Amino acid sequence: MSYCDNSTITVDAILTTKGRQLLAQNGNLNITSFALADDEIDYTLYQPNHPNGSAFYDIAIRNTPVFEPVSDETQVMKYKLVSLNQGVTSIPVINIAQDKISVPSTYTGTISISPSTNPAYNLTLGYTAILGNKNVGVLIVDQANSVNSVSSTIPTFAGDVNTTSAQVVVGQTFRFIPNSSLGQTTSTTLTIIGNESGGSLSIEVTVTVPTTSA
Amino acid sequence: MIFNQLNPNTDIVAGRTNRIDSGFWPNGETFSSQSAFVDNFYALTQSSVTPSPSYGSSIYDIRRTMYYVDVFPDATSAANNDPYFSVSYGNYDCEASGSGTFNLDTASILAFAPKSVYTQYQNLLLGEGQSGLFQFASGSALNPTMITPRDIFVINFSSYKMKDKIDEGVFEITLSGSLGSITLRDDSPFLSQASSVYNLVQGSINDATTTLPAYQGIGLLYPDDGVAIFNANVVNQLIGLSSVSGSTAPNGFVCPANYYTGSIVGIAIPGQASGSLIPTTWNHAVFAWVIENAEATMKVRKSEYVPSLNYFIRAMNRDFNYSNNPTYVYNGSDGVHPAGLIYNQDFISNPTTYVTTVGLYNDTNELVAVAKLSRPALKTFDNELLIKVRLDF
């Protein structure tokens, strides 16, 4: 007699809403890759000064209860784990030139959105840009990447984005064109997600409608 | 990188099917008190005094209680209209349907309910080479003879509830009438070969005996179809169904009639003599009553066959040791630490993460399945994780 082999963790998966939709449409899921996440973890609970020693540094984290899976693919896998070389001191951070976008609906100039990552990352798979409310305007992919340029779903967490009202595009750089026929001043969120690093950045987008004088 | 590719040759195992057994009754229980059973016979007929199981507002509004009644394990299930099995009565010879007091059935509707029911189960359960009558083993277990009664009671388990099959060997029911009670089980534990149909014999699944009792031609269990067929005449002989009208079961329900196979004069079917057996449409309600009248538990277990895909998630030592979790890094708001700088010095010297979630993605990076670990799993450059993710369909 021997003890059970506990080197393998066995878990049951559930299909997301998107997975069920694809299964109904295509008859298969075509799963090709995986990612790991730590949505429930609060790393500030790591206690390197725990009086009982190093075995207790992460006692609060290891005992954190874990939620059951939910089928809404926009509400899980929010914070993905990332593979980086040992010795790095920073997680790749996404930057864009704007800290917000605020333009009138009649604006006809070019509003370029060119994400970059520091340290350099997302060079192959690029970025996913999510415009929370597509009524305010349209995102256009200026520079596509080798993977794809349009996604039909929100691939990662983007706050409380309504899937049906959001526009999702994938590429290296983007351009925003405000909706010239917008009826009233509207604000929404533009989220940029690194498709390799998993990091994200959100800025506010406001399209103003000029008031007409009598 | 946040995505790792799965190797279809080593990481994905397809074609696995797992059998899941559980109790048939609410909350996965194997036992359910028969005296708590409720049927909807009276609920769907006019009253407990003068039920009209055959028709509703007109003779053309034929009710399903003419064919079967649903049985619920308790009042809650009945209130939710969530039946667990149905009870029917079938008659091979019946050429018309209706009770002797409800001659509109025979004069106008001619729905032939017991005949329809018998033919349904005949078509479903009997092979083409068989005689068309259900055959029940009777006599010695070693050398039984086959009897072919012409009327049957049927228990038909809800497909939704029983999933793929009723488990042979874990089936027990008690019937109680005016002459007494019998407890029945299937004979599968005494047989050396699996079959699609088993004979019902007297006894409990808790009996320790290994000797097959003599057959009495009582009934048949079709586990894969979720159907039990009972020999109506033998059940009548053993427990007494002919003098139960007006009797009250422990659950308070009154038996609406006696088991009846009398004839109605005047029905002539071409090629057959008039006066064919015209069983009452209430026979199935009588059988539902004798189930509810038994102060015993009905024991049923079900099985489900679940095809599954297994994905072996291999997080190697160099992978997934950093996190995008906002508590993992500074956000740059303090003006001292730049955004993205790892918050904890220990995580710089010894990068550490705690995995709680596994996401499975398709080739366009769409999240199609998600699995959660029961507790956070440590991941560092010093260890590797092997997580088997099972996806059931």
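Residues numbered from 1 in each chain as written. Chains lettered and ligands numbered in written order. Predicted model: local features only at pLDDT ≥ 70, side-chain atom pairs only at ≥ 80, totals over all residues. Heavy atoms only, no water.

Moving on: the overall build of chain A. The number of helices and strands found in chain A is 2 helices and 13 strands. Among the 214 residues that make up chain A, the fraction classed as buried is 46%. Element-wise, carbon and sulfur atoms account for 49% of the exposed surface of chain A, whose accessible area totals about 10,700 Å². (Helix = DSSP H or I, 4+ residues; strand = E, 2+ residues; numbered from the N terminus. Buried < 20%, exposed > 50% of the residue type's maximum accessible area, 1.4 Å probe, protein only. Areas by Shrake-Rupley, 256 points an atom, 1.4 Å probe, with all protein chains shown as cover.)

This next bit is on the packing of aromatic side chains. Each aromatic ring pair is specified by the distance between its two centres and by the angle formed by the two planes. All names here are of chain B. Scanning all chains against the criterion turns up 27 aromatic pairs over all chains. Ring centres of Tyr89 and Phe153 lie 5.5 Å apart, and the angle between their planes is 55 degrees; on these two criteria the pair is classed as tilted. Of this pair, Tyr89 sits in strand E6 (residues 85-91) while Phe153 sits in strand E9 (residues 151-157); the two residues are 64 residues apart in sequence, bridging distant segments of the chain. Seen from their ring centres, Tyr322 and Phe381 are 6.3 Å apart, and the 75 degrees between their planes marks the pair as edge-to-face. Of this pair, Tyr322 sits in strand E17 (residues 322-323) while Phe381 sits in the loop between strand E19 (367-380) and strand E20 (385-392), placing them 59 residues apart in sequence. Residue classification places Tyr322 among the buried residues on the basis of a relative accessible area of 0%. Members of the aromatic cluster, joined through ring pairs, are Phe24, Trp25, Phe37, Tyr84, Phe85, Phe157 and Phe171. (Phe/Tyr/Trp six-rings, centres within 6.5 Å; stacked < 30°, edge-to-face > 60°.)

Let's shift gears to unusual backbone geometry. Residues and elements named next belong to chain A. Here the amide bond leading from Asn118 into Pro119 is cis, since omega sits at -5 degrees, within 30 degrees of zero. Mapped onto the elements of the fold, Pro119 is located in the loop between strand E7 (116-118) and strand E8 (127-131). Phi at Asn30 is positive, roughly 55 degrees, even though this residue is not glycine. Tracing the backbone through its elements, the reader meets Asn30 in the loop between helix H1 (17-26) and strand E2 (31-37). A residue is classified by how much of its surface remains accessible, and Asn30, at 38% relative accessible area, is partly exposed. Located in the positive-phi region is Asn122, a residue other than glycine, with phi close to 60 degrees.

What follows concerns the sheet that holds strand E7 (residues 136-139) of chain B. Picture the strands of a sheet paired through backbone hydrogen bonds; they go either parallel or antiparallel. Residue and element names in this part refer to chain B. An order of E8-E7-E13 is seen for the 3 strands of this open sheet, with the pairing classed as antiparallel. Either end of the sheet is taken by a strand with one partner, and the two such strands are strand E8 (145-147) and strand E13 (215-216). Here 2 bridges tie E7 to E13, and the two strands are oriented antiparallel to one another. Residue pairing for E13: Ser138 is matched across the bridge by Gln216. (Pairing = 2+ DSSP bridges.)

Structural measurements only, silent on function.
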